[in-house]
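# Coordinate inspection notes
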Amino acid sequence: MSKPIVIAIDGPSGAGKGAVTHSLAIKTGFHILDSGALYRLVGLAARRDGIDLDREEHIADVAAHLEVAFLPASSGPEPFQVLLRGQEVTDEIRTDAAGVDASRVASMPSVRDGLAQLQRAFRKAPGLIADGRDMGTVIFTDAAVKIFLTASAEVRAERRYKQLKNKGMDVSLAALLESIRERDARDASRLVAPLKPAEDAIILDSSALSLDAVHEAVWEVVEQNVSLGANSFAE
Ligand code: DC
């Protein structure tokens, strides 16, 4: 029996992957893997356990035994309610500090290995939309379509600024831009699974596009590259 289809959406933070993933999941009825959330959860779990974020062997242990659940959210901007060890942490993992911690633990090879199996277990019928940095290059190399969604650091910082402001968080645009640049540099220069498009990825730059235009462009790519019966798509 053939494996369920995977649509890989990779790219830097703030390029619009989350929104695109969510809308594709609604259109197709596919499951979602938010792999960035897993790295954020590892960082948070390690902090809660009082583990120094330089101690790779301890953090790898946290990753290998990560107790998480993603429950469909009934309201709000997030598609899921995220639980860590049975406790809700949906908003806590979305802070900029949690993103920086995630990027640190994500540079550790044994942490990435510890999460690989968990990520592949999300692949279930009728299919999966996988959002991350290495979905097409490492975790699902056989993905039916690989999209690398990107945008300039300035545009991404501005989008993130608006998102956090809307959530009532107190943030500075300049600090966000600096943090995005640092995170990009760390994600792209790490030795394992660095942030880069797969050789067979389709690259989409969303800098000058509205969210609607990004969704349209992505949907066009999916329709052109994924051969599914019309009945497989939710109306
Ligand atoms: O997508 P995000 O902002 O939630 O990801 C948080 C961090 O996790 C990001 O800086 C890089 C890392 N990450 C990764 O290395 N590999 C993934 N597949 C997803 C995220």
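Residues numbered from 1 in each chain as written. Predicted model: local features only at pLDDT ≥ 70, side-chain atom pairs only at ≥ 80, totals over all residues. Heavy atoms only, no water.

### Quick word on the nonpolar core
Rules: Each nonpolar core is a collection of buried residues, namely Ala, Val, Leu, Ile, Met, Phe, Trp, Tyr and Cys, held together in the definition by side-chain atoms within 4.5 Å. Using a 1.4 Å probe on the protein chains alone, a residue whose accessible area is under 20% of its type maximum counts as buried, one over 50% counts as exposed, and one in between counts as partly exposed. By definition, any uninterrupted DSSP run of H or I lasting at least four residues is a helix, any uninterrupted run of E lasting at least two residues is a strand, and each is numbered from the N terminus. Here a residue-residue contact requires only that any non-hydrogen atoms of the pair lie within 4.5 Å.
Ranked by internal contacts, the top residues of the largest apolar core, which has 56 residues, are Ile-7, Leu-24, Val-42, Ile-59, Leu-66 and Phe-140. At eight residues, the largest contribution of residues to this core is made by helix 2 (residues 35–48). Dropping the residues within four chain positions of it, Phe-140 is found in contact with Val-6, Leu-33, Gln-119, Arg-120, Arg-123, Leu-128, Ala-130, Met-135 and Lys-146.

### Looking at the sheet that holds strand 5 (residues 87–88)
Strands in a sheet are paired, the pairing made by backbone hydrogen bonds, and the direction either parallel or antiparallel. As a reminder, the rule being used: Any two strands between which DSSP finds at least two bridges are classified as paired.
One open sheet accounts for three strands, arranged 3-4-5; its pairing is antiparallel. Each edge of the open sheet is held by one strand with a lone partner, namely strand 3 (68–72) and strand 5.

### Some details on the pattern of salt bridges
Pairing between side chains becomes possible if they bear opposite charge and their charged atoms approach one another. Filter applied, for reference: By definition, a salt bridge exists where a carboxyl oxygen of Asp or Glu is found within 4 Å of a side-chain nitrogen of Lys or Arg.
Under the criterion given, the structure shown has 15 salt bridges. Put simply, Asp-131 and Lys-17 hold a salt bridge, and the shortest N to O gap is 3.7 Å. With Asp-131 in strand 6 (residues 127–132) and Lys-17 in helix 1 (residues 17–28), this pair connects stretches of sequence that are 114 residues apart. Exposure class is identical for Asp-131 and Lys-17. Each is buried. In this structure, a network of salt bridges that share partners links the residues Arg-133, Asp-187 and Arg-190.

### Side note on the layout of surface pockets
What counts here: Definitions used for this entry: grid spacing 1 Å over protein atoms alone; cavity, a set of points where a 1.4 Å probe fits but cannot get out; pocket, an open set with protein on both sides within 12 Å along at least 5 of 7 lines; lining residue, one with an atom within 4 Å of a point. Grid points are joined across faces, edges and corners, and a volume is the space filled by probe spheres set on the points. Amino acids outside the nonpolar list (Ala, Val, Leu, Ile, Met, Phe, Trp, Tyr, Cys, Pro) and the charged list (Asp, Glu, Lys, Arg) are all regarded as polar, and Gly is one of them.
By volume, the largest pocket is sized at about 1300 Å³. Lining the largest pocket we find 48 residues, and of these Gly-18, Ala-19, Arg-94, Arg-160 and Gln-163 sit closest to its centre. If you tally residues by element for the lining of the largest pocket, the top one is helix 7 (residues 153–166), at six residues. Residue classes in the lining of the largest pocket are distributed as 17 nonpolar, 15 polar and 16 charged. What the second largest pocket holds in volume is close to 270 Å³. Forming the walls of the second largest pocket are 14 residues, and the residues nearest its centre are Phe-30, His-31, Ile-32, Phe-70 and Phe-80. If you list the elements that add at least two residues to the lining of the second largest pocket, you get helix 1 and strand 2 (31–34). If one sorts the elements of the lining of the second largest pocket by residue count, strand 2 sits on top with four residues. Per-class residue counts for the lining of the second largest pocket are ten nonpolar, two polar and two charged.

### Things to note about the site of the ligand
Defined as follows: For this description, a residue counts as near a given molecule or strand if any of its non-hydrogen atoms is within 4 Å of it. In protein, a polar contact requires one atom able to donate a hydrogen and another able to accept it; more generally it is a pair of N or O atoms within 3.5 Å, and residues adjacent in sequence count only if both atoms are side-chain atoms. Any molecule with more than half of its atoms within 2 Å of a cavity's or pocket's grid points is regarded as sitting in that cavity or pocket.
Around the ligand, 17 residues are found, and the nearest of them are Arg-40, Arg-112, Arg-133, Asp-134 and Arg-190. The separation between an oxygen atom of the ligand and a polar side-chain atom of Arg-40 is 2.6 Å. Asp-187 has a polar side-chain atom sitting 2.9 Å from an oxygen atom of the ligand. In a pocket analysis with a 2 Å cut-off to the grid points, the ligand is assigned to the largest pocket. Elements with a minimum of two residues in the shell around the ligand: helix 2, helix 4 (96–106) and helix 8 (173–189). For the shell around the ligand, the leading source of residues is helix 2, giving four residues.

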